[in-house]
Amino acid sequence: MTLDLATLTGDYTIDAAHTTIGFTARHAMVTNVKGKFLDFSGSLHLDGTDPSRSSATIDVKMDSIDTGNADRDGHLKSADFFRTDEFPAMTFRSTRAESLGGDDYRVTGDLSILGVTKPITIDLEFNGAAKDPFGNERVGFEGKATILRSEWGLTWNAALETGGFLVSDKIKLNFDISAIRNP
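From a predicted model like this one, the values you see are computed outputs, not experimental measurements. (Residues numbered from 1 in each chain as written. Predicted model: local features only at pLDDT ≥ 70, side-chain atom pairs only at ≥ 80, totals over all residues. Heavy atoms only, no water.)

K.L.:
Which parts of the structure should I look at to understand the packing of aromatic side chains?
P.N.:
Scanning the model with the defined rule gives 3 aromatic pairs in all. With centroids separated by 5.3 Å and ring planes inclined at 55°, the aromatic side chains of phenylalanine 81 and tryptophan 156 adopt a geometry described as tilted. Placement of phenylalanine 81 in the loop between helix H1 (70-77) and strand E8 (89-101) and of tryptophan 156 in the loop between strand E11 (137-148) and strand E12 (167-181) is noted, with a sequence separation of 75 residues between them. Summarising the aromatic geometry, the rings of phenylalanine 126 and phenylalanine 141 are spaced 5.4 Å apart at their centres and angled 55° between planes, so their arrangement reads as tilted. Placement of the pair is phenylalanine 126 in strand E10 (residues 116-131) and phenylalanine 141 in strand E11, with a sequence separation of 15 residues. Phenylalanine 141 matches phenylalanine 126 in its accessibility class, with the two residues each being buried. (Phe/Tyr/Trp six-rings, centres within 6.5 Å; stacked < 30°, edge-to-face > 60°. Helix = DSSP H or I, 4+ residues; strand = E, 2+ residues; numbered from the N terminus. Buried < 20%, exposed > 50% of the residue type's maximum accessible area, 1.4 Å probe, protein only.)

Encoded structure:
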(Lines give C-alpha, C1' and ligand atoms only; values in the text may rest on other atoms or scores of the structure.)
Protein backbone atom coordinates (compact mmCIF):
# COMPACT_ATOMS: atom_id res chain seq x y z
CA MET A 1 0.00 0.00 0.00
CA THR A 2 1.46 3.36 -1.04
CA LEU A 3 0.74 6.37 1.14
CA ASP A 4 0.47 10.02 0.11
CA LEU A 5 2.64 12.59 1.94
CA ALA A 6 -0.38 14.86 2.50
CA THR A 7 -1.88 12.16 4.75
CA LEU A 8 1.28 11.67 6.83
CA THR A 9 1.90 13.36 10.14
CA GLY A 10 4.27 12.05 12.75
CA ASP A 11 7.81 11.47 13.90
CA TYR A 12 10.27 9.32 11.97
CA THR A 13 13.75 7.99 12.60
CA ILE A 14 16.21 7.95 9.72
CA ASP A 15 17.07 4.35 8.82
CA ALA A 16 20.88 4.51 8.48
CA ALA A 17 20.98 1.06 6.84
CA HIS A 18 18.91 2.37 3.91
CA THR A 19 20.03 6.01 3.80
CA THR A 20 23.02 7.61 2.09
CA ILE A 21 24.50 10.97 3.04
CA GLY A 22 27.07 11.70 0.39
CA PHE A 23 29.08 14.38 -1.33
CA THR A 24 30.89 15.09 -4.58
CA ALA A 25 33.99 17.27 -4.99
CA ARG A 26 35.88 18.16 -8.16
CA HIS A 27 39.44 16.80 -8.00
CA ALA A 28 42.34 18.27 -9.98
CA MET A 29 39.76 20.18 -12.03
CA VAL A 30 39.16 17.12 -14.21
CA THR A 31 37.12 14.53 -12.32
CA ASN A 32 34.67 14.09 -9.47
CA VAL A 33 35.46 12.27 -6.25
CA LYS A 34 32.45 10.93 -4.38
CA GLY A 35 32.22 10.03 -0.75
CA LYS A 36 29.74 9.30 1.98
CA PHE A 37 29.42 9.07 5.73
CA LEU A 38 28.81 5.64 7.24
CA ASP A 39 27.79 6.60 10.79
CA PHE A 40 24.95 9.05 11.36
CA SER A 41 21.56 9.41 12.97
CA GLY A 42 18.62 11.67 12.39
CA SER A 43 14.95 12.31 12.72
CA LEU A 44 12.10 13.84 10.79
CA HIS A 45 8.87 15.37 11.96
CA LEU A 46 6.41 15.39 9.06
CA ASP A 47 3.21 17.37 8.88
CA GLY A 48 1.60 16.45 5.59
CA THR A 49 -1.26 18.93 5.99
CA ASP A 50 1.11 21.83 6.77
CA PRO A 51 4.65 21.10 5.53
CA SER A 52 5.89 24.34 7.13
CA ARG A 53 5.53 22.57 10.49
CA SER A 54 7.85 19.74 9.39
CA SER A 55 11.45 19.50 10.61
CA ALA A 56 14.64 17.45 10.30
CA THR A 57 17.80 16.79 12.29
CA ILE A 58 20.94 14.91 11.25
CA ASP A 59 24.08 14.14 13.29
CA VAL A 60 27.06 12.77 11.36
CA LYS A 61 30.18 11.22 12.90
CA MET A 62 32.94 12.73 10.79
CA ASP A 63 35.32 9.84 11.47
CA SER A 64 33.00 7.69 9.35
CA ILE A 65 33.92 9.42 6.08
CA ASP A 66 34.43 6.96 3.22
CA THR A 67 35.67 7.89 -0.25
CA GLY A 68 36.87 4.39 -1.13
CA ASN A 69 40.52 5.37 -0.52
CA ALA A 70 42.02 4.96 2.98
CA ASP A 71 44.81 7.51 2.38
CA ARG A 72 42.36 10.16 1.18
CA ASP A 73 39.99 9.40 4.07
CA GLY A 74 42.88 9.83 6.51
CA HIS A 75 43.76 13.18 4.94
CA LEU A 76 40.13 14.33 5.17
CA LYS A 77 40.07 13.42 8.89
CA SER A 78 43.31 15.35 9.53
CA ALA A 79 43.97 18.96 10.57
CA ASP A 80 44.00 19.94 6.86
CA PHE A 81 40.26 19.27 6.61
CA PHE A 82 37.76 18.03 9.20
CA ARG A 83 39.99 17.81 12.33
CA THR A 84 37.87 14.91 13.54
CA ASP A 85 39.74 14.67 16.87
CA GLU A 86 38.62 18.20 17.74
CA PHE A 87 35.30 18.29 15.83
CA PRO A 88 33.87 14.76 15.81
CA ALA A 89 30.41 15.68 14.47
CA MET A 90 28.69 17.59 11.71
CA THR A 91 25.09 18.56 12.41
CA PHE A 92 22.08 19.83 10.51
CA ARG A 93 19.04 21.38 12.19
CA SER A 94 16.17 22.54 10.01
CA THR A 95 14.73 26.00 10.55
CA ARG A 96 12.13 26.05 7.77
CA ALA A 97 10.30 23.60 5.51
CA GLU A 98 8.11 24.42 2.54
CA SER A 99 6.22 22.72 -0.24
CA LEU A 100 7.22 23.72 -3.77
CA GLY A 101 4.30 21.85 -5.32
CA GLY A 102 3.87 18.26 -6.36
CA ASP A 103 6.49 16.05 -4.73
CA ASP A 104 9.05 18.86 -4.37
CA TYR A 105 10.00 20.41 -1.04
CA ARG A 106 12.68 22.71 0.31
CA VAL A 107 14.22 22.50 3.76
CA THR A 108 16.40 25.30 5.08
CA GLY A 109 18.51 24.84 8.16
CA ASP A 110 21.77 25.31 9.99
CA LEU A 111 24.75 23.15 9.01
CA SER A 112 27.57 23.03 11.57
CA ILE A 113 31.07 21.91 10.54
CA LEU A 114 34.28 22.68 12.48
CA GLY A 115 32.28 24.69 14.98
CA VAL A 116 31.01 27.03 12.24
CA THR A 117 27.26 27.18 11.67
CA LYS A 118 25.85 28.51 8.39
CA PRO A 119 22.44 28.20 6.72
CA ILE A 120 21.94 25.86 3.78
CA THR A 121 18.96 24.98 1.63
CA ILE A 122 18.22 21.41 0.58
CA ASP A 123 15.87 20.70 -2.30
CA LEU A 124 14.01 17.44 -1.75
CA GLU A 125 11.81 15.17 -3.79
CA PHE A 126 9.34 12.96 -1.95
CA ASN A 127 9.90 9.43 -3.29
CA GLY A 128 6.93 7.85 -1.57
CA ALA A 129 5.67 6.17 1.56
CA ALA A 130 4.72 2.56 2.14
CA LYS A 131 4.44 -0.18 4.73
CA ASP A 132 7.39 -2.53 4.47
CA PRO A 133 7.08 -6.34 4.94
CA PHE A 134 7.87 -5.91 8.65
CA GLY A 135 4.95 -3.55 9.26
CA ASN A 136 7.05 -0.37 9.38
CA GLU A 137 5.66 2.78 7.79
CA ARG A 138 8.51 4.18 5.67
CA VAL A 139 9.00 7.44 3.83
CA GLY A 140 11.67 8.27 1.30
CA PHE A 141 13.22 11.52 0.09
CA GLU A 142 15.97 12.35 -2.35
CA GLY A 143 17.76 15.67 -1.88
CA LYS A 144 20.64 17.83 -2.96
CA ALA A 145 22.40 21.02 -1.93
CA THR A 146 25.56 22.83 -2.94
CA ILE A 147 27.91 24.53 -0.50
CA LEU A 148 31.24 26.33 -0.64
CA ARG A 149 33.48 24.48 1.82
CA SER A 150 35.53 27.63 2.46
CA GLU A 151 32.51 29.15 4.25
CA TRP A 152 33.02 26.52 7.00
CA GLY A 153 36.78 27.08 7.23
CA LEU A 154 37.69 24.15 4.97
CA THR A 155 40.34 25.97 2.96
CA TRP A 156 43.23 23.51 2.50
CA ASN A 157 44.24 23.21 -1.14
CA ALA A 158 47.17 22.79 -3.51
CA ALA A 159 47.77 24.81 -6.67
CA LEU A 160 48.03 22.87 -9.91
CA GLU A 161 50.88 23.47 -12.34
CA THR A 162 48.35 23.99 -15.14
CA GLY A 163 46.31 26.48 -13.10
CA GLY A 164 43.45 25.97 -10.71
CA PHE A 165 43.44 23.90 -7.53
CA LEU A 166 43.45 20.27 -6.46
CA VAL A 167 40.12 20.37 -4.59
CA SER A 168 37.07 22.40 -5.62
CA ASP A 169 35.55 24.88 -3.20
CA LYS A 170 32.08 23.87 -4.42
CA ILE A 171 30.82 20.65 -2.83
CA LYS A 172 27.62 18.92 -3.88
CA LEU A 173 25.72 17.22 -1.07
CA ASN A 174 23.43 14.29 -1.84
CA PHE A 175 20.80 12.69 0.37
CA ASP A 176 18.88 9.46 -0.20
CA ILE A 177 16.76 9.19 2.92
CA SER A 178 14.62 6.35 4.19
CA ALA A 179 12.90 6.93 7.53
CA ILE A 180 10.66 4.74 9.69
CA ARG A 181 7.67 6.11 11.58
CA ASN A 182 8.13 5.97 15.34
CA PRO A 183 5.58 3.84 17.22
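K.L.:
Could you clarify how one ought to interpret empty space enclosed by the protein in this entry?
P.N.:
To locate leftover empty space, one rolls a probe as large as a water molecule over the atoms. Throughout the structure, instances matching the rule amount to 1 cavity of 30 Å³ or more. Estimates place the volume of the largest cavity at around 300 Å³. Around the largest cavity, the lining is made up of 23 residues, and of these Leu44, Leu46, Val107, Leu124 and Phe141 lie nearest the centre. Those elements that provide at least two residues to the lining of the largest cavity are strand E5 (40-47), strand E6 (55-61), E8, strand E9 (104-113), E10 and E12. At 4 residues, the largest contribution of residues to the lining of the largest cavity is made by E6. (1 Å grid on protein atoms, 1.4 Å probe; cavity = no way out; pocket = protein on both sides within 12 Å on 5 of 7 lines; lining within 4 Å. Points joined across faces, edges and corners; volume = space filled by probe spheres on them.)

K.L.:
Mind showing me how you'd approach the nonpolar core here?
P.N.:
Where a protein is soluble and globular, its nonpolar side chains tend to be buried together. Judged by nonpolar contacts, the single largest core of 45 residues is most densely connected at Leu44, Val139 and Phe141. Counting residues per element, this core draws most heavily on E12, which supplies 6 residues. If we skip the residues at most four places from it in the chain, phenylalanine 141 touches Leu5, Leu44, Leu46, Leu124, Glu125, Phe126, Asn127, Phe175, Asp176 and Ile177. (Core = buried A, V, L, I, M, F, W, Y, C linked by side-chain atoms within 4.5 Å. Contact = heavy atoms within 4.5 Å.)

K.L.:
Would you mind showing me how to read a positive patch on the surface here?
P.N.:
On the surface, Arg26, Lys34, Lys170 and Lys172 cluster together into a positively charged patch. With respect to the helices, strands and loops of the structure, lysine 172 is situated in strand E12. Under the relative-accessibility criterion, lysine 172 is labelled partly exposed at 40%. (Patch = residues over 30% accessible without salt bridge, like charges linked within 9 Å, V, L, I, M, F, W, Y side chains within 5 Å. Areas by Shrake-Rupley, 256 points an atom, 1.4 Å probe, with all protein chains shown as cover. Salt bridge = Lys/Arg side-chain N within 4 Å of Asp/Glu carboxyl O. Lys, Arg positive; Asp, Glu negative; His and termini not counted. Charge placed at Lys NZ, Arg CZ, Asp CG, Glu CD.)

K.L.:
Is there a simple way to think about the layout of surface pockets in this case?
P.N.:
What the largest pocket holds in volume is close to 590 Å³. Contributing to the lining of the largest pocket are 33 residues, with Phe23, Ala25, Leu76, Phe82 and Ile171 lying nearest its centre. Looking at the lining of the largest pocket, the elements with two or more residues in it are strand E3 (20-27), strand E4 (31-37), E6, H1, E8, E9, E10 and E12. With 6 residues, the single largest contributor to the lining of the largest pocket is E3. A breakdown of the residues in the lining of the largest pocket according to their chemical character gives 25 nonpolar, 5 polar and 3 charged. (Nonpolar A, V, L, I, M, F, W, Y, C, P; charged D, E, K, R; others polar.)

K.L.:
Teacher, can you tell me more about the pairing of E3 here?
P.N.:
The sheet contact formed by E3 and E12 spans 7 bridges and is antiparallel. Looking at the pairing, threonine 24 lines up with lysine 172 of E12. Pairing of E3 with E4 involves 7 bridges; the strand directions are antiparallel. Bridging from a neighbouring strand, isoleucine 21 pairs with phenylalanine 37 of E4. (Pairing = 2+ DSSP bridges.)

K.L.:
How should I be thinking about unusual backbone geometry in this particular structure?
P.N.:
Trans peptide bonds make up most of the peptide bonds, and negative phi angles are found at most residues other than glycine. You will see that arginine 83, though not glycine, has its phi angle at about 45°, which is positive. Following the sequence through the fold, arginine 83 ends up in the loop between H1 and E8. The backbone phi angle of leucine 114 is positive, close to 55°, even though this residue is not glycine. Overall, the relative accessible area of 9% leaves leucine 114 in the buried class.

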